[in-house]
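# Notes for the structure review
Chain by chain, the residues run as shown.
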Amino acid sequence: MYTLCEKVQGLTPYAPLSGQYRIRLDANESYFTPDAMMMERFAKELARLDLNRYPDPYAVEACKAFAEFYGVPESSVTAGNGSDELIGIICGSLLQKGDKLLTFSPDFSMYQFYGEIYELETLALSKGDSLQLDVDEAIRFIQENGVSAVIFSNPCNPTSLGLSREKVRKLIRSTEALVVLDEAYMDFWDQSMLPETQQYDNLIVLKTCSKAIGMAAIRLGFAVAKPTLTLALRAVKSPYNVNSMTQLFGAQVLGCKEYLDWCCKALVKSREALQQGLEGLAARFPALEQVYPSCTNFVFVRCSAAKTIQTALAERSIAVRCFDGYLRITAGSSEENAAFLAALTEILVKEGKA
Ligand SMILES: *Cc1c(COP(=O)(O)O)cnc(C)c1O
C-alpha cells in the first residue's frame, strides 16, 4: 500500500471561499476590471499569438513593462506564475532543507506553508498585541538563532499595517540573511524599497499584478533583486513558468501607467471611505473593538464576534475574510462598500439585542 510521506499526510487542498456571493470583499482584489479599450487590446494581441510555441522563458516583454512601470532595471526582474510561485521557488531553491526561515505572526500564510513543504525550519515570531513587526526584536532573533532567511509582507496582509522604509532598511543592513520583502500592497502606500534593490545583495522584493494592478486572474508576480540573486532565481525556476497569455496581458496592462495610477488612487479613496464607515460603526457598537489604520486596499478590525458576523454577512451574500478574532474587509466600489456597511449595521443592531 502506498503511504504519503509525513509532511503531506495532514494537508488538505487550499479552500478559498466557496459559493456565489453578490459582493466579494474577501480576497483583496481590485474592484476594477480592465475596461473595454484594454480588452480590445488584449484581443488584438491574442490573435497574433503562436499557441503552438512555448512561451518566452524569461517573459521579457512583461518584465520590461514592469521595469518601466516601477523604474527598476530590467536585469533585476524575474517573472513568476503569481508571486506565490516565487515564494515557493525561494523557499525550495534558494534555501536548503533544515535552514531556518523566519516569519511573523500574523502575516501572509503562504510563507509558513512553503517553508514547511520544503522542509525548512520555519520559525514564526509573534507580533504581540500591537500586531506591529518589532524590527529590533527581529534583528536580535535572527542573530541569536542563525536564521538563513526572513520573509514578511509590507504593508502587511492581514493586519493592513505598514513598516517605515527606515525600519526595513535597518533590518536589511543588520544581517547577512536573505530578506524577502513582499510588497504586494505597496502600491497603496509610499515606503517601497524597490528604488533601493540595487544597494543590497541580500534583498528580494516581491510584487504582484493581483492587487492594485487588478489582474489576479492572470497569475503574474515579479521578484526584484541584484544580479546574483536574479540569475539564481532565473536558473532554478521552471523554464516556462509564465504562460504566453499572461505575459501578453501583463505587458499590455503594465504599459498603461496613467490608467493604473488612476485605479490605484480610486482604490485608496474607497478604502478611506470604508475605513471611515467602520470607525463610525465602532464608535456606536463596542463589538467592533478596534479598527486598524490601513496602508492597503483593505481594513482590519479586531472583533471577538468575527465568525458570527462573517456568517451573518454571508447569509446576505457578502463575503469578507475572517481570522481568529478579526475581520478583514477589502475595499470595494462605493456601492459595494455602502451595501456592506448597511448589512453590518443591521447585524450589529441585531447582535446588540441578542
Ligand atoms: C495577495 C498577496 C500576494 C499575491 O500573490 P499572487 O500569487 O501574486 O496572486 C502575495 N503576497 C501577499 C502578502 C498577498 O496578500
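Described in the following lines is the structure provided in the data block. All values reported here derive from a predicted model rather than from experimental measurement.

## Re the site of the ligand
Not every one of the 14 residues close to the ligand is listed here, only the nearest: D182, T208, S210, K211 and R219. Between the ligand and Y185, the relevant distance is 2.7 Å, taken from an oxygen atom to a side-chain nitrogen or oxygen of the residue. Note that an oxygen atom of the ligand is positioned 2.6 Å from one of the side-chain N or O atoms of R219. Expressed as a share of its isolated accessible area of 390 Å², the protein-covered part of the ligand is 93%. Taken together, the residues that form the shell around the ligand break down as four nonpolar, six polar and four charged.

## Observations concerning the sheet that holds strand β4 (residues 121-126)
Pairing in this open sheet of seven strands is mixed, and the strands run β2-β8-β7-β6-β5-β3-β4 from one edge to the other. At either end of the open sheet lies a strand with only one pairing partner, and these are β2 (77-80) and β4. Sheet twist, expressed as the mean angle between neighbouring strand axes with direction ignored, is 20°. In this structure, strand β3 (residues 100-105) lies alongside β4, joined through six bridges in parallel fashion. Residue pairing in the sheet places L101 in a bridge with T122 of β4.

## Examining the side chain of S210
When you line up the elements, S210 lands in the loop between β7 (203-208) and β8 (221-225). At a separation of 3.5 Å, a polar atom in the side chain of S210 contacts the side chain of R219. Once residues lying within four places of it in the same chain are set aside, the contact partners of S210 are E29, S30, M215, A216 and R219.

## A few points about the pairing of strand β10 (residues 298-302)
Within β10, four of the five residues are buried, which leaves the element mostly enclosed by the surrounding structure. Hairpin connection, strand β9 (residues 290-291) to β10: the antiparallel pair is bridged by six residues. For β10 and strand β12 (residues 326-330), the ladder comprises five bridges, and the chain directions are antiparallel. Each bridged residue has a counterpart across the sheet, and for F298 the counterpart in β12 is T330.

## Some words on helix α9 (residues 244-254)
Most of α9 sits out of view: ten of its eleven residues are buried. All of the buried residues along α9 are S244, T246, Q247, L248, F249, G250, A251, Q252, V253 and L254. Lining the buried residues of α9 we find α2 (36-47), α3 (60-70), β8 and α10 (257-284). Of the residues that open α9, the one with a side-chain oxygen 2.9 Å from the backbone nitrogen of M245 is N243.

## Points about the nonpolar core
Counting residues in hydrophobic clusters, the biggest one holds 63 residues, and the most contacted among them are F152, I213, F222 and L254. Excluding anything up to four places from it in sequence, L254 contacts A62, A65, F66, F69, C209, I213, F222 and L260.

Conventions adopted
Residues numbered from 1 in each chain as written. Predicted model: local features only at pLDDT ≥ 70, side-chain atom pairs only at ≥ 80, totals over all residues. Heavy atoms only, no water. Near = heavy atom within 4 Å. Polar contact = N/O pair within 3.5 Å; in protein donor to acceptor, adjacent residues only side chain to side chain. Areas by Shrake-Rupley, 256 points an atom, 1.4 Å probe, with all protein chains shown as cover. Nonpolar A, V, L, I, M, F, W, Y, C, P; charged D, E, K, R; others polar. Pairing = 2+ DSSP bridges. Helix = DSSP H or I, 4+ residues; strand = E, 2+ residues; numbered from the N terminus. Axes fitted to C-alpha atoms, helices over the stretch in contact; angles between N-to-C directions. Contact = heavy atoms within 4.5 Å. Buried < 20%, exposed > 50% of the residue type's maximum accessible area, 1.4 Å probe, protein only. Core = buried A, V, L, I, M, F, W, Y, C linked by side-chain atoms within 4.5 Å.

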